[in-house]
Amino acid sequence: MPLSDPGVERRHYHTRDIQVRGYFRADGLWDIEGHMRDTKTYAFENSHRGEVAAGEPVHDMWLRITIDDTMLIHGAEAATESSPYDVCHAITPSYEQLIGLRIGPGFHRAVKLRLGGKSGCTHLTELLYPMATVCYQTAYASRNKARRDFGLPVEEEPQSRDKRPGHIDACHAMRADGPVVKEVWPQYYEGN
C-alpha cells in the first residue's frame, strides 16, 4: 500500500469505485464514459429497496459525453442502474443539458448552473469532474494515434506552438519555473 500504515485498528465500511474510459469514434469524435459504484461491506435496510446486501451497489451510475477535439460536448447520456431512491432514475435525461458546453475554463460553473442542486444528481455531477480531466488525457494525448488507427488523416495540433499552453502553472509539475516546462516549453520557462 502506498500510504503509511495507519497504526490503529480499523474496519472497512464503504467503497466508491470510479472508472473513466476514453474512446475514439470512427466519426472523429470522442466518447468519455464514467462509471461510479458505491458499495457497503454490510447489509442494511432501505425504505425504497428493502434489504441491500453487503457488496450490492447502493449507487451504480453511468455517464457518457461525446466531445470533439476542441472539447465541445456534442452528446450526453446518463443511466442509473442502482440508487437508494426510486426517483433517482428520473433525473438522467437532464444530463443532455451538457450538450453545447465546452470543457475548459468555466466548465464547473456552467455545470452547476445547469445541473446543480435539485436540477441534477450529486453523484452523476461529481462524476463529470474526473471525466473532464480524462477528456484532455484522451483527446489531446491520443489524437494522432487514434486517427492513424482508424485510417483518418492526422491533424495539426489545435493549439499553436506559439501560444502558451494552458496547463502551465496548473499543477506543481507544470509550474512555469519548473524542470518540465524548462525541458518541453523552454520559451515559457520563468526560472533562473
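Residues numbered from 1 in each chain as written. Predicted model: local features only at pLDDT ≥ 70, side-chain atom pairs only at ≥ 80, totals over all residues. Heavy atoms only, no water.

Trainee: Just checking my understanding: could you explain the sheet that holds strand 6 (residues 73-82) for this structure?
Mentor: Strand order across the open sheet formed by four strands is 1-2-5-6, with antiparallel pairing between neighbours. Only two strands of the sheet have a single partner each, and these edge strands are strand 1 (14-24) and strand 6. Averaged over neighbouring strand pairs, the angle between their axes works out to 10° when direction is ignored. Bridge analysis of strand 5 (residues 57-67) against strand 6 gives eight bridges, and the strand direction is antiparallel. Its bridge partner lying in strand 6, Asp60 is registered against Ser82. (Pairing = 2+ DSSP bridges. Helix = DSSP H or I, 4+ residues; strand = E, 2+ residues; numbered from the N terminus. Axes fitted to C-alpha atoms, helices over the stretch in contact; angles between N-to-C directions.)

Trainee: Hey, could you run me through the packing of helix 1 (residues 107-115) against helix 2 (residues 122-149) in this one?
Mentor: The packing of two helices is summarised by the inter-axis angle and the distance between the axes. For the pair helix 1 and helix 2, the least separation of the axes is 11 Å and the interaxial angle reads 155°. When the axes of helix 1 and helix 2 are compared, the pair comes out roughly antiparallel. Pair helix 1 / helix 2 crosses with right-handed handedness. Counting all contacts with helix 1, which are made through Phe107, His108, Val111, Lys112 and Leu115, the residues of helix 2 involved are Thr125, Leu128, Tyr129 and Ala132. Looking at side-chain class alone, the contact of helix 1 with helix 2 contains six nonpolar, two polar and one charged residues. (Parallel < 35°, antiparallel > 145°, perpendicular 65-115°, else oblique. Left-handed = near helix turned anticlockwise from the far one by under 90°. Contact = heavy atoms within 4.5 Å. Nonpolar A, V, L, I, M, F, W, Y, C, P; charged D, E, K, R; others polar.)

Trainee: Would you take a moment to explain the environment of Lys163 for this structure?
Mentor: Secondary-structure assignment places Lys163 in the loop between helix 2 and helix 3 (179-184). Taking the C-alpha atoms as reference points, Lys163 and Tyr188, 25 residues apart in sequence, are found 9.4 Å from one another.

Trainee: Explanation requested: the packing of aromatic side chains in the structure shown.
Mentor: Each aromatic ring pair is characterised by the separation of its centres together with the angle its planes make. Within the structure shown, the criterion is met by five aromatic pairs. Ring geometry for Tyr13 against Tyr42: centres 6.0 Å apart, planes inclined by 70°, an arrangement best described as edge-to-face. Of this pair, Tyr13 sits in the segment before strand 1 while Tyr42 is found in the loop between strand 2 (30-40) and strand 3 (44-46), placing the two residues 29 residues apart along the sequence. Judged by relative accessible area, which is 46%, Tyr13 ranks as partly exposed. Put simply, the rings of Tyr13, Tyr42 and Phe44 pair up and form one aromatic cluster. (Phe/Tyr/Trp six-rings, centres within 6.5 Å; stacked < 30°, edge-to-face > 60°. Buried < 20%, exposed > 50% of the residue type's maximum accessible area, 1.4 Å probe, protein only.)

Trainee: I would appreciate a short explanation of helix 2 in the present structure.
Mentor: Every α-helix carries 3.6 residues per turn, so stepping three or four residues along brings you back to the same face. Arg143 marks the point of greatest bend in helix 2, at about 70°. Just past helix 2, the residue Gly151 takes up positive phi, approximately 70°. (Bend = angle between axes of the 7 residues up to and from the residue.)

Worth remembering: the numbers are spatial, not functional.
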